[in-house]
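Given next are the chains, with one letter for each unit.
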Amino acid sequence: MGKGSAKVEEEGSGSDSEDESGPPPNLIEVKVIEAEDVIAADRGGTSDPYAIVEFRGIKKQTKVIKKTLTPKWNETFQFEIGKPSGVLTIDLFDHDVSLFGKHDFLGQAEVNVSNLALEAVFQEWMALNPREGKMEIVSGRVHVYICIVAKDKSIEDKTGLETFPWLDRSLYAGLNVHNTQVRAHTHTCTQRNIL
Ligand SMILES: [Ca+2]
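Small disclaimer: the values here were computed from a predicted structure and weren't measured.

**Focus on the overall build of the protein chain**
Phase 1: Looking only at helices and strands, the protein chain features four helices and eight strands.
Phase 2: Along the chain direction, N to C, the helices and strands of the protein chain fall in the order β-β-β-β-β-β-β-β-α-α-α-α.
Phase 3: Looking at the protein chain as a whole, 25% of its 195 residues qualify as buried.
Phase 4: Sequence-distant contacts, at least 24 apart, represent 59% of the contacts inside the protein chain between residues at least 6 apart.

**Things to note about the sheet that holds strand 5 (residues 87-94)**
Phase 1: With respect to topology, four strands assemble into an open sheet ordered 3-2-5-6, the strand pairing being antiparallel. In the strand order of this sheet, the two ends are held by strand 3 (58-61) and strand 6 (104-112), each with one partner. Between one strand axis and the next, the sheet turns by 20° as a mean value, whatever way the strands run.
Phase 2: Relative to strand 5, strand 2 (residues 49-55) runs antiparallel, the two sharing seven bridges. Across the sheet, the residue bridging to valine 53 is isoleucine 90, located in strand 5.

**Observations concerning the confidence of the model for the protein chain**
Phase 1: In this model, the protein chain carries an average pLDDT of 76, and 64% of its residues clear a pLDDT of 70 or more.
Phase 2: Across the protein chain, the element-wise mean pLDDT spans from 37 in helix 3 (residues 179-183) up to 98 in strand 2.
Phase 3: Every residue in residues 153-163 scores below 50 in pLDDT, and together they form 18 contacts with partners more than four places removed in sequence or on other chains.
Phase 4: Between residues 191-195, whose pLDDT stays under 50, and residues either more than four places distant or in other chains, the model counts three contacts.

**Details of the pairing of strand 8 (residues 141-150)**
Consecutive side chains of a regular strand alternate in pointing toward one face of the sheet and then the other.
Phase 1: Among the 10 residues of strand 8, seven are classified as buried, and the element is accordingly described as predominantly covered.
Phase 2: Relative to strand 8, strand 7 (residues 122-127) runs antiparallel, the two being bridged by six bridges. Of the residues in strand 8, the one forming a bridge with phenylalanine 122 is isoleucine 146.

**Concerning unusual backbone geometry**
What is expected of a backbone is that most residues other than glycine have negative phi and most peptide bonds are trans.
Phase 1: Phi is positive for arginine 56, close to 50°, though the residue is something other than glycine.
Phase 2: Mapped onto the fold, arginine 56 is located in the loop between strand 2 and strand 3.
Phase 3: With phi around 50°, asparagine 74 is a residue other than glycine that occupies positive phi space.

**A look at the environment of lysine 31**
Phase 1: Examined against the element boundaries, lysine 31 turns out to sit in strand 1 (residues 25-36).
Phase 2: When the C-alpha atoms of lysine 31 and valine 53 are compared, they prove to be 9.4 Å apart, with 22 residues separating the residues in sequence.
Phase 3: What lysine 31 contacts, discounting residues up to four positions off in sequence, is Glu75, Thr76, Val144 and Tyr145.

**Things to note about the environment of alanine 127**
Phase 1: As for its placement among the helices and strands, alanine 127 is situated in strand 7.
Phase 2: Assessed through the 13 C-beta atoms surrounding it within 10 Å, alanine 127 is described here as partly exposed.
Phase 3: The spatial distance from the C-alpha of alanine 127 to the C-alpha of arginine 141 is 4.4 Å, given a sequence separation of 14 residues.
Phase 4: Not counting residues up to four positions away in its chain, the partners in contact with alanine 127 are Ala109 and Arg141.

About the cut-offs
- Residues numbered from 1 in each chain as written.
- Predicted model: local features only at pLDDT ≥ 70, side-chain atom pairs only at ≥ 80, totals over all residues.
- Helix = DSSP H or I, 4+ residues; strand = E, 2+ residues; numbered from the N terminus.
- Buried ≥ 20, exposed ≤ 12 C-beta atoms within 10 Å, placed from the backbone.
- Contact = placed C-beta atoms within 7 Å.
- Pairing = 2+ DSSP bridges.
- Axes fitted to C-alpha atoms, helices over the stretch in contact; angles between N-to-C directions.
- pLDDT = per-residue confidence, 0-100.

Next up, the structure:
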């Protein structure tokens, strides 16, 4: 499977792939599912929680769930990576409508991506902690799902299915992959593992 012949991609992550034994794992899916028992930051005894997921300086934000201490987001984000390393952080904040009000910090969870196995589902309730070096009062837990998905540019090239860049070449090596088969796949590890 011509590992050296893959065309150069513009994503800038190609130089990270030092392991030549297979396709680089280079997509992290992060689903911020929900949280519970977060601090009540507003006078009414609730908060308006939202989450910011950050990986290697790139931030992605959920919507705000108003007036609750048990927000449910169920929002999925994806980050491009080369090799699976680095720390992914999930910060929770209380949204405030005041122009001058600072959004209150509700807690942080961190995941060391180096500890995650390729295409294995990590789904945990993680304790919300203060940020490093800060005296912040927080409480509660956040429920997250994380999976690292291997992209496969060779399959992409053969089938022309640019919209399915996460396909794992090893699953299809030697097979005639038709578009109809490929369409049956989804981009989450959970659903992939059922196949
Ligand atoms: Ca608020």
